Amino acid sequence: MNHLELLAGDPQTFINEVWGHRPLVHEVAPERLTAIFGIDHADELLTTSALRTPQIRMAKQGKVLDQTTYTRQASIAGQSMTGLVDVRKMLDLFDDGATIVFQGLHRYWEPLRQLVRDLEQQLGHPCQANAYLTPSGSQGFALHSDPHDVFTFQTYGTKDWEIHEDGQPRQVLMRPGTTMYLPAGTPHMARTGADTGSLHVTVGIHQVVWSDVLREIALRTVAADPDGGQPLPAGLYSDPDALASALAERLAGLASALGQVDARAEVDRMERVFATGRQPVLSGALLDVLDVRDLSATTRLRRRTGSQCTMHERGDQLELLLGDRRLTLPGRVRGPLEAILAAGEFTPTDLPAMDAESAAVLCRRLVREGLLEVVR
């Protein structure tokens, strides 16, 4: 699924014209959003799973509630567990007007894990997801702005949003099927209607900004200077002109060193860090571990849903960036890998330029690495 298209309409129009510049409201079929995280899913998580803080927090009238008012302690095998959600206390607070916040929901709800991974792949910026369940006639947070871009989408009930664009307030009614994009710094607040509660999901986009990139390069460049650890002289400010001259010399040296930085190598390093540091997508991997030893040349395989693979040639080797890890393979398997990435379902015998046993060995490795899964 193209989640950027789901949330914002045409992806290229969003990236080229909307991203970072102005709010956007978009409408889709409600069931496409409720399938990701609807009210039944919220009920399931809250009432049948052992959620703990900080997975859940609560807020009322703009203030975060003390977690002791809705948590309890328990023990397993003699080991104490704290911060467990006390469902009865939480529901009583919710009924009294408090908002339930699901924090980092992409870490423990698979459809949102898939959505976040897909958005990260398309945008190149880290993302995370929360959800907000608010009772009728209530407001969780006062007018505020976020330091990051936000997608929000409604999956249950309605919510009246006030957003400020160019200093002017604007009202937006969010209902199931409504999505909205807010650039960083957009003032906003929301309140549920009097008749029903509200559930909406927010996806925060934590932008990579130029100042962070340049700061990291400068810090690594300074750290590589063998003379950088020398102390400044005693009587530091007794001769300001001499100190200024020495500083100018150091700055000139830093500018020269920065001018020699390989920009393409830096981009490759940034991509490697980003494309190996995402949350794993491993649904069904336990069954694959059990099955992989019996994988043969005729076992049917496919790409794991949500898997990522960026391939680069590094001399006589191939570097695969798999989202949560980096894998290096011999360059001779490029053809079979390209066939795997282009295929739907396949068997190892379908791979070009490899004998059946070598193809099975490669596929076993890719199953263990999470790129492929066994078709059952």
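Structure shown above.
Residues numbered from 1 in each chain as written. Predicted model: local features only at pLDDT ≥ 70, side-chain atom pairs only at ≥ 80, totals over all residues. Heavy atoms only, no water.

Please explain the environment of R191 as it appears in this structure.
With respect to the helices and strands, R191 occurs in strand β12 (residues 188-192). In contact with R191, not counting residues within four places along its chain, are G137, S138, Q139, K159 and D160. A polar side-chain atom of R191 sits 2.8 Å from the main-chain carbonyl oxygen of G137. (Helix = DSSP H or I, 4+ residues; strand = E, 2+ residues; numbered from the N terminus. Contact = heavy atoms within 4.5 Å. Polar contact = N/O pair within 3.5 Å; in protein donor to acceptor, adjacent residues only side chain to side chain.)

What am I meant to see in the nonpolar core here?
Soluble globular proteins: nonpolar side chains tend toward being buried together. Among the nonpolar cores identified, the biggest contains 42 residues, and F14, F37, F102, L105, L112, F151 and F153 are the most heavily contacted of them. Top element by residues in this core is helix α6 (residues 110-123). It accounts for 5 residues. Those residues within four positions of F153 in sequence are excluded, and the remaining contacts are L7, L33, I36, L112, L115, M174, T178, T179, L199, H200, V201 and V203. Within the second largest apolar cluster, 24 residues are counted, among which are V292, L301, V333 and L366. (Core = buried A, V, L, I, M, F, W, Y, C linked by side-chain atoms within 4.5 Å. Buried < 20%, exposed > 50% of the residue type's maximum accessible area, 1.4 Å probe, protein only.)

Looking at this structure, how should I read helix α12 (residues 356-368)?
Think of an α-helix as turning once every 3.6 residues; residues three or four places apart then point the same way. Counted at 1.5 Å a residue, the expected span for α12 with its 13 residues is 18 Å, and the 18 Å between its end C-alpha atoms agrees. Residues of α12 that are buried include every one of A359, A360, L362, C363, R364, L366 and V367, and no others. Lining the buried residues of α12 we find α10 (285-291), β14 (301-303), β17 (326-330), α11 (334-342) and β18 (372-374). One side-chain oxygen at the N-terminal end of α12 lies 3.2 Å from the backbone nitrogen of E357; it belongs to D355. (Expected span 1.5 Å × (residues − 1).)

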